[in-house]
Amino acid sequence: MCGIVGYIGPRRADRILLAGLKRLEYRGYDSAGVAVLGEGDRLDVVRRKGKLSALEDSLSDAGLTGRVGVGHTRWATHGRPSDENAHPHSTGRVAVVHNGILENYRELKARCQERGCTFSSETDTEVLAHLIDLELQGGKELVPAVLAALAEVQGSYAIGVVSAGTPDRIVVAKNASPLVLGLGQGENFAASDIPAILPYTKQMVFLDEGEVGVLTTDGVEIMTLAGEKVERSPKTIQWSVVQAEKAGYKHFMLKEIFEQPRAIEDTIRGRYDSGTGEILCDALGVDEAALREARSVILLACGTSYHAALYGQYMIERLVKIPARAELASEFRNRKPVVGPDDLVVAISQSGETLDTLEAVKVARAAGCRILSVANVLDSAIPRASDWVVYTHAGPEIGVASTKCYTAQLAALYLLGAAGAQVRGVTGVDVGALVREIVLLPGKMKSVLKRSAEFQDLAHRYAHHRDFLYLGRGLSFPTALEGALKLKEISYIHAEGYAAGEMKHGPIALIDRDMPVVVLMPEDEQWDKIKGNLEEVKAREGLVIALTSEGWGEDVRPICDEFITVPATHPELVPLLTVVPLQLIAYHIADLKGTDVDQPRNLAKTVTVE
Ligand code: M6R
């Protein structure tokens, strides 16, 4: 969704803002702009519909030399993508960038219009610029003017405000949309996400909901919406700049697929005792009592993270042996779910900011549930709304299609299941063996990644097909869903993931010689049944792309059109390996089709609206 960058310091603001916006491109956008304060109380605004290259062209003509400014990439919610609706929205005196939705903007707009304000866009955001301007006209300083304006709005926001009359500061505020402040030497930064400002500083301050930040060249002050001062120490970000760049790969997605062995290593590191094979619950981020006392576990998430939640459901059932269910956060929050204090909710989100997941957490908390989150972005909204957090240490994920964060989530959920078994003393579960196997996993993943060219060849053979079916049973069902989602979101090919047992109840009607069917059939207890599905597909002349374990399935190889293997591993870890060829096949098909792999059409990396 929208991205914000703010800069104050000795450098040319337009350059820092543009570079930061480029690093936020993955969030998804349809227009972009900057507002820069220049000499003699000038406030220059440059906005362009389309890609950042259009804004860059306009900026090189504009020659803005100011050192203070805010920038924005917009993902349209209120008003179509256009130059006029692009941010910043300016009154001439005040310019505002905004990520979120102002729910009562119509009523506020009418009030502003009654007071003589003229609007030039269809957005909700413009009302905020006018409200602040009216307060300035009434004699307030910039900070009190922003506080007064925010007191009138309802909804979600991260905002950045600059004013021509106050060239020594930027005012930012946050309520339910992400915002981080970066502390430099004689310069300071604000951004929607860490990678935007990571090249300049690793010292970051995270705003809480309902907080305001005032950035000057000397430092950053934080206060509540009521104007009360807040003390907050900066945190040091461990991500490197290289992690947030392409490092020679054609796309971020490809780089992130190849980073998976490292992401798994970092996610499991320090969370088990290498001598005893015991899970270290404190290091993992879970509370032993919460695991011991939970009557059931409800896993909430959206998109790819929901597929991880389904995997987590299997982990809890198979390892902890208590009831577990995965739920789409958007459905959970809008039902009247019957949950209570005995239920442990596990909220899974790469960004930690997905609105539906956050709202579902609030519903669960209101019902008395205890909340554990699995998140990748430090101090994001969902971890903050949780009692405990298991962080995945996958590093920044820039490609809109989630890859390394998915397998890192699976690794975290595997450890969570093992921790639950350990704490509850579940008989028949050998936690030490589970730990020993996941330690070997990064090496096995590397051996799959080395075969990327094999999957690229396969992509050449299948890229022209218009529909794909992915089938899996048991632990391979979430992988079938994830494989189909990867293909559809980046290649725009219709793909469906199905529980193979459901095939006879409908999808089998689709199968003909033009329908590639990816059959996930690793060595496991479901083998005989999935083999039956494979034969049913072949009987209808479907094209079978079989995915199985090394040294397994030789009896079906002759009837498969493609036969892919991954190294053998513990049954619970198979989904971390079988998804890798599916990611690579989706990637190579999309690349062949020439789609915008890292920023697929209509998609945003972080969905902060309903
Ligand atoms: O940040 P989250 O994990 O909460 O995001 C959830 C989904 O929006 C996300 O997984 C989405 O489905 C990705 N585009 C999948 O590749």
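This structure is a prediction, so every number in the text was calculated from the model and none was measured. (Residues numbered from 1 in each chain as written. Predicted model: local features only at pLDDT ≥ 70, side-chain atom pairs only at ≥ 80, totals over all residues. Heavy atoms only, no water.)

Caption draft 1: Main features of the environment of Val 429. Structurally, the position occupied by Val 429 is in the loop between helix H14 (404-424) and helix H15 (431-449). According to the relative accessible area criterion, Val 429 is buried, its value standing at 17%. Distance from Val 429 to Leu 319, taken between C-alpha atoms, is 6.4 Å for residues 110 residues apart in sequence. Residues within four places of Val 429 in sequence aside, it is in contact with Arg 318, Leu 319, Lys 321, Ala 421 and Leu 434. (Helix = DSSP H or I, 4+ residues; strand = E, 2+ residues; numbered from the N terminus. Buried < 20%, exposed > 50% of the residue type's maximum accessible area, 1.4 Å probe, protein only. Contact = heavy atoms within 4.5 Å.)

Caption draft 2: View of helix H10 (residues 303-320). Taking 1.5 Å as the rise per residue, H10 with 18 residues should run 26 Å; its terminal C-alpha atoms sit 25 Å apart, in good agreement. Most of H10 sits out of view: 15 of its 18 residues are buried. (Expected span 1.5 Å × (residues − 1).)

Caption draft 3: Spatial organisation of the packing of helix H1 (residues 13-23) against helix H2 (residues 52-62). Contact geometry of H1 with H2 gives a least axis separation of 11 Å together with a crossing angle of 175°. The orientation of H1 relative to H2 falls into the category roughly antiparallel. For the pair H1 and H2, the contacting residues are Asp 14, Leu 18, Leu 21 and Lys 22 in the first and Leu 52, Leu 55, Glu 56 and Leu 59 in the second. Here the residues of the contact of H1 with H2 sort into five nonpolar, no polar and three charged. (Axes fitted to C-alpha atoms, helices over the stretch in contact; angles between N-to-C directions. Parallel < 35°, antiparallel > 145°, perpendicular 65-115°, else oblique. Nonpolar A, V, L, I, M, F, W, Y, C, P; charged D, E, K, R; others polar.)

Caption draft 4: Quick peek at unusual backbone geometry. Omega for the bond connecting His 87 with Pro 88 falls within 30 degrees of zero, at 0°, which places this linkage in the cis form. Within the fold, Pro 88 resides in the loop between strand S4 (68-74) and strand S5 (89-90). The backbone of Asp 41 shows a phi angle near 60°, a positive value even though the residue is not glycine. Examined against the element boundaries, Asp 41 turns out to sit in the loop between strand S2 (31-38) and strand S3 (42-49).

Caption draft 5: The arrangement of the site of the ligand in detail. Near the ligand you find 13 residues, and of these Ser 305, Ser 349, Ser 351, Thr 354 and Glu 489 are the closest. A distance of 2.6 Å is found between an oxygen atom of the ligand and a side-chain nitrogen or oxygen belonging to Ser 349. Residue Gln 350 places a main-chain N or O atom 2.7 Å away from an oxygen atom belonging to the ligand. Relative to its unbound accessible surface of 420 Å², the ligand loses 91% to contact with the protein. Elements with a minimum of two residues in the shell around the ligand: H10 and helix H17 (476-491). Ranked by the residues each element gives to the shell around the ligand, the list is headed by H10, at three residues. Of the residues that constitute the shell around the ligand, the class distribution is three nonpolar, eight polar and two charged. (Near = heavy atom within 4 Å. Polar contact = N/O pair within 3.5 Å; in protein donor to acceptor, adjacent residues only side chain to side chain. Areas by Shrake-Rupley, 256 points an atom, 1.4 Å probe, with all protein chains shown as cover.)

Caption draft 6: Layout of the environment of Gly 50. Summarising the element assignment, Gly 50 is placed in the loop between S3 and H2. For Gly 50, a relative accessible area of 27% puts it in the partly exposed group. C-alpha separation for the pair Gly 50 and Gly 116, spaced 66 residues apart in sequence, amounts to 32 Å. When sequence neighbours within four positions are dropped, the list of residues in contact with Gly 50 reads Tyr 29, Asp 30 and Ser 31.

Caption draft 7: Representation of the side chain of Ser 349 in the model. Note on placement: Ser 349 falls in strand S18 (residues 343-349). For Ser 349, the side chain forms a polar contact with the side chain of Ser 351, separated by 3.5 Å. Polar side-chain contacts of Ser 349 include one of 2.8 Å to the backbone nitrogen of Gly 352. With near-sequence residues (within four places) excluded, Ser 349 lies in contact with Ser 305, Thr 354, Val 374, Ala 375, Asn 376, Ile 382 and Gln 409.

Caption draft 8: How the structure looks around helix H18 (residues 527-539). Here H18 contains 13 residues, and its C-alpha end-to-end distance of 18 Å stays within 8% of the 18 Å for a straight helix at 1.5 Å per residue. Inspection of H18 places Trp 527, Ile 530, Asn 533, Leu 534, Glu 536 and Val 537 among the buried residues, and these make up the whole buried set. Packing partners of the buried residues in H18 comprise strand S21 (467-472), strand S23 (516-520) and strand S24 (543-549). Among the residues trailing H18, Glu 541 stands out with phi positive, at a value near 65°.

Caption draft 9: Broad picture of the sheet that holds strand S1 (residues 3-8). Pairing is antiparallel across the open sheet formed by eight strands, whose spatial order is S3-S2-S4-S1-S10-S9-S11-S15. Edge strands, defined here as strands with exactly one partner in the open sheet, are S3 and strand S15 (235-236). The strands touched by H2 within the sheet are S2, S3 and S4, with S3 carrying the most contacts at an inclination of about 145°. (Pairing = 2+ DSSP bridges.)

Caption draft 10: Spotlight on the domain arrangement of the chain. Domain assignment breaks the chain into domain 1 (3-237), domain 2 (251-449) and domain 3 (451-610). Relative to domain 2, the C-alpha centre of domain 1 lies at a distance of 34 Å. The partner domain 2 presents 10 residues to the 11 residues of domain 1 that form the contact. A combined buried area of about 940 Å² lies between domain 1 and domain 2, and 59% of that area is made up of carbon and sulfur atoms. Taken as a group, Tyr 26, Phe 206 and Lys 235 account for 44% of the area that domain 1 buries against domain 2, more than any other trio of residues on that side. Summed over the shared surface of domain 1 and domain 2, the number is two salt bridges. For the pair domain 1 and domain 2, the interface holds three residue pairs in polar contact (both at pLDDT 80 or more). (Domains from an automatic or database assignment. Buried area = accessible area lost by both parts, 1.4 Å probe. Salt bridge = Lys/Arg side-chain N within 4 Å of Asp/Glu carboxyl O.)

Caption draft 11: Examining the pattern of salt bridges more closely. Applying the stated criterion to the full structure yields 43 salt bridges. Among the salt bridges present, the one from Lys 362 reaches Glu 359, with a minimum N-O distance of 3.2 Å. Residue Lys 362 and its partner Glu 359 are located together in helix H12 (residues 355-366), separated by three residues, close to a single helical turn. Relative accessible area serves as the criterion here: at 42%, Lys 362 is assigned to the partly exposed category. For Glu 359, a relative accessible area of 22% corresponds to the partly exposed category. A single salt-bridge network, built from bridges that share partners, covers Asp 208, Glu 211, Arg 232 and Arg 384.

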